[in-house]
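Residues per chain, in single letters:
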Amino acid sequence: MSKPQYVLTLSCVNRPGIVAAVTTYLFEQGADIREAQQFDDDETGKFFARIGFDLVTGAGIAALRENFSAIAEPFKINYAINDHATPRRVLLLVSKFDHCLVDLLYRWRIGELAMTPTAIISNHGPEHFAGIDLAGIPFHYLPITKDTKMEQESQIWALVKETKSELVVLARYMQVLSDALASKLSGKCINIHHSFLPGFKGAKPYHQAHTRGVKLIGATGHYVTTDLDEGPIIEQDVERISHADTPDDLVRKGRDIERRVLARA
């Protein structure tokens, strides 16, 4: 990128004049808009926008950020202005299955994912990841039992704050977060899980799906909330299968879908 690029994201109750006020302000501050997306949600009456821009003239990004509040206040706009080139600080949680972790680290190494991995946390010991190049990312083994769940989650939360992580990714972390921790991470924690129609809960979902003759398997990337696997959906994908696929085939194909869906999310 020849110039720093910034992204303004905003939401508010929809009313006339929002786009005019925001874009006029950006122009007056010396911004060159490179990308603009907007959406009116008729069901909620809310307006959403994402505007990418760089600065051609003007006082600079600090002044633009500070003075934008004068535009936001009349419309009661919730907003953020971020440097597009600044990688998101990401903390990764993983259990025994490492395919999503490996995929995310690979995409990070080749520059496909603009993130800074701050730490890796697992409820399984480092011996399970001996064959993975963790590139010096701090690894924290935090075992968990029914009796130590609250203590273990306190350690997770402490590491989130200590590392100043902006996003927590459950990369096949097979522990259900407590309502308390899920609430603390609201809006900054995402998860990946399998998706079937109908849904199969409990142990060995791919084996259950095979027994029922499912013809489509998939995965869903979503925000973590206090409602298990029911947070707002970010990304999904599916793959068609047939009677010739064994349960092992479903597991193998499921791993591949989970990897790509989580990366896109």
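Higher on the page you've got the structure.
Each chain has its residues counted from 1, running along the sequence as written. Per-residue local features are limited, in this predicted model, to residues with pLDDT of at least 70; the limit for side-chain atom pairs, both in listing and counting, is 80 or more; totals at the level of whole chains, interfaces and linings are taken over all residues. Hydrogens and water molecules were not included; the side-chain quantities draw on all heavy atoms of the structure.

Some points on the packing of aromatic side chains
Aromatic rings in a pair are described by how distant their centres are and how their planes are angled relative to each other.
Part 1 of the reasoning: Each Phe, Tyr or Trp ring (for Trp, its six-membered ring) is paired with any other whose centre lies within 6.5 Å, and the angle between the two planes then decides the class: stacked below 30 degrees, edge-to-face above 60, tilted in between. Taken as a whole and assessed by the stated rule, the structure comprises four aromatic pairs.
Part 2 of the reasoning: Ring centres of tyrosine 25 and phenylalanine 68 lie 5.5 Å apart, and the angle between their planes is 65 degrees; on these two criteria the pair is classed as edge-to-face. Separated by 43 residues along the polypeptide, tyrosine 25 in helix α1 (residues 18–28) and phenylalanine 68 in the loop between α2 (61–67) and α3 (69–75) bring together distant segments of the chain.
Part 3 of the reasoning: Using a relative accessible area of 5% as the deciding quantity, one classes tyrosine 25 as buried.
Part 4 of the reasoning: Whether a residue is buried, partly exposed or exposed follows from its accessible area with a 1.4 Å probe, protein chains only, as a fraction of its type maximum: under 20%, in between, or over 50%, in that order. Under the relative-accessibility criterion, phenylalanine 68 is labelled buried at 0%.
Part 5 of the reasoning: On the basis of an interplanar angle of 55 degrees and a centroid distance of 5.5 Å, the ring pair of phenylalanine 129 and phenylalanine 139 is categorised as tilted. Remark: phenylalanine 139 occurs in strand β7 (residues 139–141) and phenylalanine 129 occurs in the loop between β6 (115–122) and β7; sequence separation between them is 10 residues.
Part 6 of the reasoning: A residue is classified by how much of its surface remains accessible, and phenylalanine 139, at 23% relative accessible area, is partly exposed. Counting from the N terminus, the helices are DSSP H or I runs at least four residues long and the strands are E runs at least two residues long.

Here's the deal with the nonpolar core
Part 1 of the reasoning: Among buried residues, the Ala, Val, Leu, Ile, Met, Phe, Trp, Tyr and Cys ones that are joined through side-chain atoms within 4.5 Å form a nonpolar core. Counting 31 residues, the largest nonpolar core has Leu92, Leu104, Leu105, Ile120, Val169, Ile217 and Leu262 as its most contacted members.
Part 2 of the reasoning: For this core, the secondary structure elements donating two or more residues are β5 (88–94), α4 (99–109), β6, β8 (167–170), β9 (189–195), α7 (205–212), β10 (216–223) and α8 (247–264).
Part 3 of the reasoning: By residue number, the principal contributor to this core is α8, which donates five residues.
Part 4 of the reasoning: We call two residues in contact whenever any of their non-hydrogen atoms come within 4.5 Å of each other. What leucine 105 contacts, discounting residues up to four positions off in sequence, is Leu92, Ile120, Ile132, Asp133, Leu134 and Ile137.
Part 5 of the reasoning: Counting residues in hydrophobic clusters, the runner-up holds 22 residues, among them Tyr6, Val22, Tyr25 and Ile77.

Concerning the environment of leucine 93
Part 1 of the reasoning: By the secondary structure assignment, leucine 93 is in strand β5.
Part 2 of the reasoning: A relative accessible area of 1% places leucine 93 in the buried class.
Part 3 of the reasoning: C-alpha of leucine 93 to C-alpha of asparagine 14: the two residues are 79 residues apart in sequence and 38 Å apart in space.
Part 4 of the reasoning: Those residues in contact with leucine 93, other than ones at most four positions away along the chain, are Ile121, Ile156, Val168, Val169, Leu170, Ala171 and Tyr173.

Considering the packing of α4 against α8
Part 1 of the reasoning: Structural elements are reduced to axes, namely lines fitted to C-alpha atoms, with helices fitted over the stretch in contact, and the angle between N-to-C directions of any two is expressed from 0 to 180 degrees. Between α4 and α8, whose axes approach to 9 Å, the crossing angle comes to 45 degrees. In this view, α4 runs oblique relative to α8, as classed from their interaxial angle. Seen along the crossing, α4 lies across α8 with a hand that is right-handed. Contacts between α4 and α8 pair His99, Cys100, Asp103, Leu104 and Arg107 from the former with Arg255, Glu258, Arg259, Arg260, Leu262 and Ala263 from the latter.
Part 2 of the reasoning: Each residue gets one label: Ala, Val, Leu, Ile, Met, Phe, Trp, Tyr, Cys and Pro are nonpolar, Asp, Glu, Lys and Arg are charged, and the others, such as Gly, are polar. Its residues assigned to classes, the contact of α4 with α8 shows four nonpolar, one polar and six charged. Roughly parallel here means an angle under 35 degrees, roughly antiparallel means over 145, roughly perpendicular means 65 to 115, and every remaining angle is called oblique. Definitions for this section: a left-handed crossing has its near helix turned counterclockwise from the far helix by less than a right angle. A right-handed crossing has that turn clockwise.

A short note on the sheet that holds β9
Part 1 of the reasoning: Strands were regarded as paired on the criterion that DSSP finds at least two bridges between them. Within the open sheet, the seven strands sit side by side as β7-β6-β5-β8-β9-β10-β11. Their pairing is mixed. Among the strands making up the open sheet, the edge pair consists of β7 and β11 (233–240). Between one strand and the next, the sheet's axes are offset by a mean angle of 20 degrees, whatever the strand orientation.
Part 2 of the reasoning: In this sheet, β11 lies alongside β10 in antiparallel orientation, the contact comprising seven bridges. Paired with leucine 216 across the strands is arginine 240, a residue of β11.
Part 3 of the reasoning: Contacting β5, β6, β8 and β9, α4 crosses the sheet at an angle of about 160 degrees to β6.
Part 4 of the reasoning: Packed on one face of the sheet, helix α5 (residues 149–162) meets β5, β6, β7 and β8 and runs near 160 degrees to β5.

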